[in-house]
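# Observations on the three-dimensional arrangement
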Amino acid sequence: MFVDMPEADLPLYRSSQTDPGDFDAFWTTTLQQARDAASSPTLTRVETGLTTIDTYDVTFSGFAGQPVKAWLRLPSGARAPLPTVVEYVGYGGGRGHVHENLMWASAGFAHLLMDTRGQGSAWSTGDTPDPDGSGPQFPGMMTRGIDSRETYYYRRLITDGVRALETARELEMTDAARTVITGGSQGGGITVAVAGLVPDVAAAAPYVPFLCDFRRATVITDNDPYKEIGRYLAVHRDKVESVHEVLSYFDGVNFARRATAPTLFSASLMDPTCPPSTVYGAFNEWQGDKRMSLWQYNGHEGGGPLDRQYALEFFREVLG
């Protein structure tokens, strides 16, 4: 059922989220430190038994130079340079099994699917640890290291996302100028963040994105993962303002204010996990050409296969 604002009000909604004064400086420093600590990626061919797709096990340097896993899939026999899709994974998932996620390579793209540090045990497997510790947290990832912007989990994961894009652009088989980004839910939130941090990304397709409009999201839904923050603050009653100050450095609304790439969003009117107003909070701030697929009778599954179909059509249109 509808639990958020009416459909007609969504294009008019403006988030109350504000930019921290040193937002850009914080991210410039964070990303430069990761680049300075980086080493060359390693690619190992994996025998999958598939005849139409070549698969490589990738390790690249993410936050602070820490190793992050990925799958690189290529159309078998394709010639470089290929248009490239970098994809980020939803909450609790990892890069998955070697035979999963074959659509993009089947459509003629190079496809780098980034693993998710410290996750990969809820619904798909992962292979990347999160070696940084943190203070007290509610179970899950949303409050890991939330006492400061320097230690917050999503500082590391978003940096991994930027470095995945940069790594993909450096590979022999890829076309740096035709590299796009996508993902759903948490993966959509990372897509929004990376688009705000990398001004020349060719296009972005976040569907039902998470990590947007924290101030509103944490008080209009009882669903996890946002509820993890609410449960944490119900115990740490004196930290409400300090937690939201930290979260402002990781909010999709603030990243969207810096994003200029063509984009295709999606949102669902019956989504209790990422309510549509929180998605529009980022969408309405996006500075580049933008489109929205709004699903009236869906929850957090969004458009499902249609989100991916529309993203494929959108990327082909943008990239030529």
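Below, the structure is looked at part by part. Everything quoted here is computed from the prediction, not taken from an experiment.

### Describing the packing of aromatic side chains
One pass over the structure, following the stated rule, counts 20 aromatic pairs. Arranged with centres 5.7 Å apart and planes meeting at 80°, the rings of W27 and F250 form a pair that is edge-to-face. Taken together, the positions of W27 in helix α1 (residues 23-36) and F250 in the loop between α7 (240-247) and α8 (252-256) put the pair 223 residues apart, joining distant regions of the chain. Among the residues examined, W27 registers a relative accessible area of 1% and is labelled buried. Looking at F250, the relative accessible area reads 2%, which means it is buried. Measuring from centroid to centroid gives 5.2 Å for F265 and F283, while their planes differ by 70°, and the two rings are edge-to-face. Placement of F265 in strand β8 (residues 263-268) and of F283 in helix α9 (residues 276-283) is noted, with a sequence separation of 18 residues between them. When the ring centre of W71 is taken as origin, the NZ or CZ atom of R95, which lies over that ring, is 3.7 Å away. Cation over ring: R216 sits above Y13, and NZ or CZ is 5.5 Å from the ring centre.

### Here's the deal with the side chain of R163
Following the sequence through the fold, R163 ends up in helix α3 (residues 153-170). Owing to a relative accessible area of 6%, R163 belongs among the buried residues under this scheme. Other than its neighbours up to four places away in sequence, R163 contacts A34, R35, A38, F60, S61 and G62.

What counts and what doesn't
- Residues numbered from 1 in each chain as written.
- Predicted model: local features only at pLDDT ≥ 70, side-chain atom pairs only at ≥ 80, totals over all residues.
- Heavy atoms only, no water.
- Phe/Tyr/Trp six-rings, centres within 6.5 Å; stacked < 30°, edge-to-face > 60°.
- Helix = DSSP H or I, 4+ residues; strand = E, 2+ residues; numbered from the N terminus.
- Buried < 20%, exposed > 50% of the residue type's maximum accessible area, 1.4 Å probe, protein only.
- Lys NZ or Arg CZ within 6 Å of the ring centre and 35° of its normal.
- Contact = heavy atoms within 4.5 Å.

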